[in-house]
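For reference, the chains in residue letters:
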Number of protein chains: 6
Amino acid sequence: MSKLTAVFPGSFDPVTNGHIDVIRRASKLFDTLYVAVGDNINKKTLFTANERKLLIEEAVKDLENVKVEVFSGLTVSFAEEKGAKVIIKGVRSSEDYNYEYEMAETNSHISPDIETLFMPSRPEYFFVRSSTVKEMVKFKADVSDIVPENVNRALLAVSDG
Amino acid sequence: MSKLTAVFPGSFDPVTNGHIDVIRRASKLFDTLYVAVGDNINKKTLFTANERKLLIEEAVKDLENVKVEVFSGLTVSFAEEKGAKVIIKGVRSSEDYNYEYEMAETNSHISPDIETLFMPSRPEYFFVRSSTVKEMVKFKADVSDIVPENVNRALLAVSDG
Amino acid sequence: MSKLTAVFPGSFDPVTNGHIDVIRRASKLFDTLYVAVGDNINKKTLFTANERKLLIEEAVKDLENVKVEVFSGLTVSFAEEKGAKVIIKGVRSSEDYNYEYEMAETNSHISPDIETLFMPSRPEYFFVRSSTVKEMVKFKADVSDIVPENVNRALLAVSDG
Amino acid sequence: MSKLTAVFPGSFDPVTNGHIDVIRRASKLFDTLYVAVGDNINKKTLFTANERKLLIEEAVKDLENVKVEVFSGLTVSFAEEKGAKVIIKGVRSSEDYNYEYEMAETNSHISPDIETLFMPSRPEYFFVRSSTVKEMVKFKADVSDIVPENVNRALLAVSDG
Amino acid sequence: MSKLTAVFPGSFDPVTNGHIDVIRRASKLFDTLYVAVGDNINKKTLFTANERKLLIEEAVKDLENVKVEVFSGLTVSFAEEKGAKVIIKGVRSSEDYNYEYEMAETNSHISPDIETLFMPSRPEYFFVRSSTVKEMVKFKADVSDIVPENVNRALLAVSDG
Amino acid sequence: MSKLTAVFPGSFDPVTNGHIDVIRRASKLFDTLYVAVGDNINKKTLFTANERKLLIEEAVKDLENVKVEVFSGLTVSFAEEKGAKVIIKGVRSSEDYNYEYEMAETNSHISPDIETLFMPSRPEYFFVRSSTVKEMVKFKADVSDIVPENVNRALLAVSDG
């Protein structure tokens, strides 16, 4: 069988330990794992797409088969471009699941040869959403144990600014 | 990266077109896919474990990298024995998901190096459970388009017997 | 348009005020409403199918377009026999919904021309299951306001017996 | 029994094959089915309320008992005005269901004599939301098999514009 | 054991009979119950934080151990300030639950000594959201039986204005 | 306010670290916490009700305000007998929640003055069900970190026997 490439797409504004956990676990399964940082001009973000990419790259620099890239457009188009057969999504609650199931069906309709696989989030990361991290930082709550160290520094820098 | 082996476990009493769809799609992703037919002596089944194995083998005989085996005991033990890093589960509704999430966490606790990945069932197989198939056969309803042809023949033989 | 007939199937062991509410509301929409009392010989019930039928008939005797019948076999076969285009189901929680959705898809597969429609249970009947009623009676709890009066009398008679 | 009229309300921006399927199935049950196109001035839409109405009318012009109208205000007020006893809603996932259940209870509180009935979406339309259609069009993905032909033409015209 | 203080946080824009029911039931369990009215400058509200506070105070003025206060910032910080060990949340559907579970985990992570407890909403208040109340008022629907009398008067005053 | 007593009911066959966590957290909130071990003669258990009681007592012997008792009958009757105003339940997934919500409504109907409060399970105990523990023991999997030490010893003794 030819090499298996997967894509892990998201906004990652910012990347959390929950995302990093999925990246580490997925990197053990696939020959190449692309972390695809969505650049959506209609969505206001705390960090630019390139900043988000650099934060992830630094946090997973020990993982040789992980590549981080910015993309815009459809996830399936990015996957096709990279020759990826798999889109991997971390899933937590059943509400997450309902949403992701619909997305997976949409993607399967557009590109039937690309499979979406769901990787269950570890329970300790159940509550760790990027939006929650930003809300916690806004109120000066400590997030050092739910984001990578470099992301924590970046958040403190932004929040002090 | 070394070859990637996955296990698709279940009772398969009998295998349905929903299962076959997951097997076909998963067989394109992994170097070897083991379909693991659970032999649970405490559970009454319509077909014996060996009959269920033979029905699956016949239905997917064109897929060279798929192996069908009977097992008892924990799924993770079977996976370890085969050198599989992945357990693949087909998931339909959010109720399914809640159940499978718990199973995946149990398995991850016992064998942290084996990942459970969820493959969303295609919507057209949403209602196709093995138990529904048996109920339909009991009431003489036609199941020829929701199970493989050889399974349909086996069901008619059992039901006429 | 020809007259519209609907079927409301269930075990009704015993009928509760939740069921009666669905029957009353549905009877205002359809020309004829069949309450179909399932007779499943493999399922142990508190009341016989005929007793359950009589209890419902007495409780809704003021509704002229409601007919109560015992049936066995598939609900869609009963519906076809009666010329019914609609199967009506009362639905409460999302867990109920997931189950009923699957049933509806199975039925639609067998008989594409019969539609299953879900009628939301009124919140005050949310917790009123037949099994809960029986459990409450077992422990001598009062059920007089969650079942029809004649059912309450029948339950007290059985429980004293 | 007097004639049974139903209302199928929505934004329909644009109408999809999922909506059309519900309209076709519901039109077989009710004497008259009103498709009620919500005109909400606070919500930005791709097509005007009147354009949406015309697109639906063209797509179901073969259904003689279906009438399409623009409305604003409460759905139950529109239903009362038309003498409709039923509001019909297509429901997909359990998340949909939770939302629609709440809406149905609100409507039942305002107008106790109007019943909301849920019609399960066919699985093949599970992922087909109007918002998904618009997102797909934005990225030049083909939507010709998930919207009616005239809607596809209208979408291409808007998207080329 | 020292006295038990609880916090019931929310936007309360406006307070509904569903909220009042939770306040009344919780006030019987705890020595002091703080109703904490969130003042979020980024969120547009119908009533100011102080108006919302006054409306609640008037509606529960017979409950001596209930105190109503405006707060901004994290709920757990407010709880710590008041020496409260419990945050109480009313929960309705499973969708509500998934959301509140995540919030509770976030709060538990920030302040491990404060417990979030969920109080199930009575079914008759299942559909009563503040946002629904405002939507109903906008369309001149009667809300007098789902909000306290003083809130109804305030809504009519605002709506006539 | 008078002292606040709570009941934590269950089968506890056997008690797990998930249960112990709820007991420890709840014991900090209430003056007295009764752990109520259900003795249901129709349900086959691994340990007798008295054995289950003794295992819990040993595991929480450092908690002075926790009392463990065997009971049969309705939970609300036990609560009334103990003068408890609160029934506390640990809740995990939304499926759990739907089930517990219904139970809480039933109990509220029987005894309106007793409140059921849900305490969210810590995520690390999400998968820890008593039934899972027994299944794991059956297949010789290690459960020493998901049950208390004395329960582990008891399970090994039973499993070797």
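Residues numbered from 1 in each chain as written. Chains lettered and ligands numbered in written order. Predicted model: local features only at pLDDT ≥ 70, side-chain atom pairs only at ≥ 80, totals over all residues. Heavy atoms only, no water.

Engineer: Would you mind showing me how to read the overall build of chain A here?
Structural biologist: Looking only at helices and strands, chain A has six helices and five strands in total. Compactness check: chain A gives a C-alpha radius of gyration of 15 Å against a globular reference of 15 Å for 161 residues, within 12% of the reference. Dimensions of chain A along its principal axes, counting C-alpha atoms only, are 50 × 35 × 30 Å. Taken across its 161 residues, chain A has 61% of its residues classed as buried. Restricting the contact set of chain A to residue pairs at least 6 apart, pairs at least 24 apart contribute 76%. Roughly 6800 Å² of accessible area belongs to chain A as shown, and the carbon and sulfur atoms make up 48% of that amount. The centroid of the 20 positive side-chain charges in chain A is displaced by 2 Å from the centroid of its 25 negative side-chain charges. (Helix = DSSP H or I, 4+ residues; strand = E, 2+ residues; numbered from the N terminus. Rg over C-alpha atoms; globule rule 2.2 N^0.38 Å. Buried < 20%, exposed > 50% of the residue type's maximum accessible area, 1.4 Å probe, protein only. Contact = heavy atoms within 4.5 Å. Areas by Shrake-Rupley, 256 points an atom, 1.4 Å probe, with all protein chains shown as cover. Lys, Arg positive; Asp, Glu negative; His and termini not counted. Charge placed at Lys NZ, Arg CZ, Asp CG, Glu CD.)

Engineer: I would appreciate a short explanation of the relation of the copies chain A and chain B in the present structure.
Structural biologist: Between the two chain copies there is a screw-like relation: a rotation about an axis and a shift along it. Screw-axis analysis of chain A against chain B gives a translation of 0.0 Å along the axis, an RMSD of 0.0 Å, and a rotation angle of 180 degrees. Between the two chains, the operation in question is that of a two-fold axis. Looking at the interface residues of chain A, 100% of them are also at the interface in chain B, so both copies use one shared face. (Least-squares fit on C-alpha atoms with pLDDT ≥ 70 in both.)

Engineer: Explain the relation of the copies chain E and chain F to me, please; I cannot follow it from the model alone.
Structural biologist: Mapping chain E onto chain F is achieved by rotating through 180 degrees and translating by 0.0 Å along the same axis, at an RMSD of 0.0 Å. Take the interface residues of chain E: 100% of them recur as interface residues in chain F, which is what a same-surface contact looks like.

Engineer: Sorry if this is basic, but what is going on with the side chain of Ser-111 of chain B here?
Structural biologist: Examined against the element boundaries, Ser-111 of chain B turns out to sit in the loop between helix H4 (94-110) and strand S5 (115-120). Excluding residues within four positions of it along the chain, Ser-111 of chain B makes contact with Val-76 and Glu-80 of chain B.

Engineer: Even after reading the chapter, I still don't get empty space enclosed by the protein, so can you show me in this structure?
Structural biologist: If a probe as big as a water molecule is rolled over the atoms, it shows which places are left empty. By the definition in use, this model includes four cavities of 30 Å³ or more. One number sums up the size of the largest cavity: a volume of about 150 Å³. Around the largest cavity, the lining comprises 18 residues; the ones closest to its centre are Ser-94 of chain A, Ser-94 of chain C, Ser-94 of chain D, Ser-94 of chain E together with Ser-94 of chain F. Secondary structure elements with two or more residues in the lining of the largest cavity: helix H4 (94-110) of chain A, H4 of chain B, helix H4 (94-110) of chain C, helix H4 (94-110) of chain D, helix H4 (94-110) of chain E together with helix H4 (94-110) of chain F. Of the residues that constitute the lining of the largest cavity, the class distribution is no nonpolar, 12 polar and six charged. (1 Å grid on protein atoms, 1.4 Å probe; cavity = no way out; pocket = protein on both sides within 12 Å on 5 of 7 lines; lining within 4 Å. Points joined across faces, edges and corners; volume = space filled by probe spheres on them. Nonpolar A, V, L, I, M, F, W, Y, C, P; charged D, E, K, R; others polar.)

Engineer: In this structure, what is going on with the interface of chain E and chain F? I would like to understand it.
Structural biologist: For an interface, size is often stated in terms of accessible area lost upon the parts coming together. At the interface, 32 residues of chain E touch 32 residues of chain F. Counting across the chain E and chain F interface gives four salt bridges. At the junction of chain E and chain F, the tally comes to 15 residue pairs in polar contact (both at pLDDT 80 or more). Counting only elements with at least two residues in the side of chain E that touches chain F, the list comes to helix H1 (17-27), strand S4 (86-91), H4 and strand S5 (115-120) of chain E. The element best represented in the side of chain E that touches chain F is H4 of chain E, accounting for seven residues. Among the residues making up the side of chain E that touches chain F, the classes are represented as 16 nonpolar, eight polar and eight charged. (Salt bridge = Lys/Arg side-chain N within 4 Å of Asp/Glu carboxyl O. Polar contact = N/O pair within 3.5 Å; in protein donor to acceptor, adjacent residues only side chain to side chain.)

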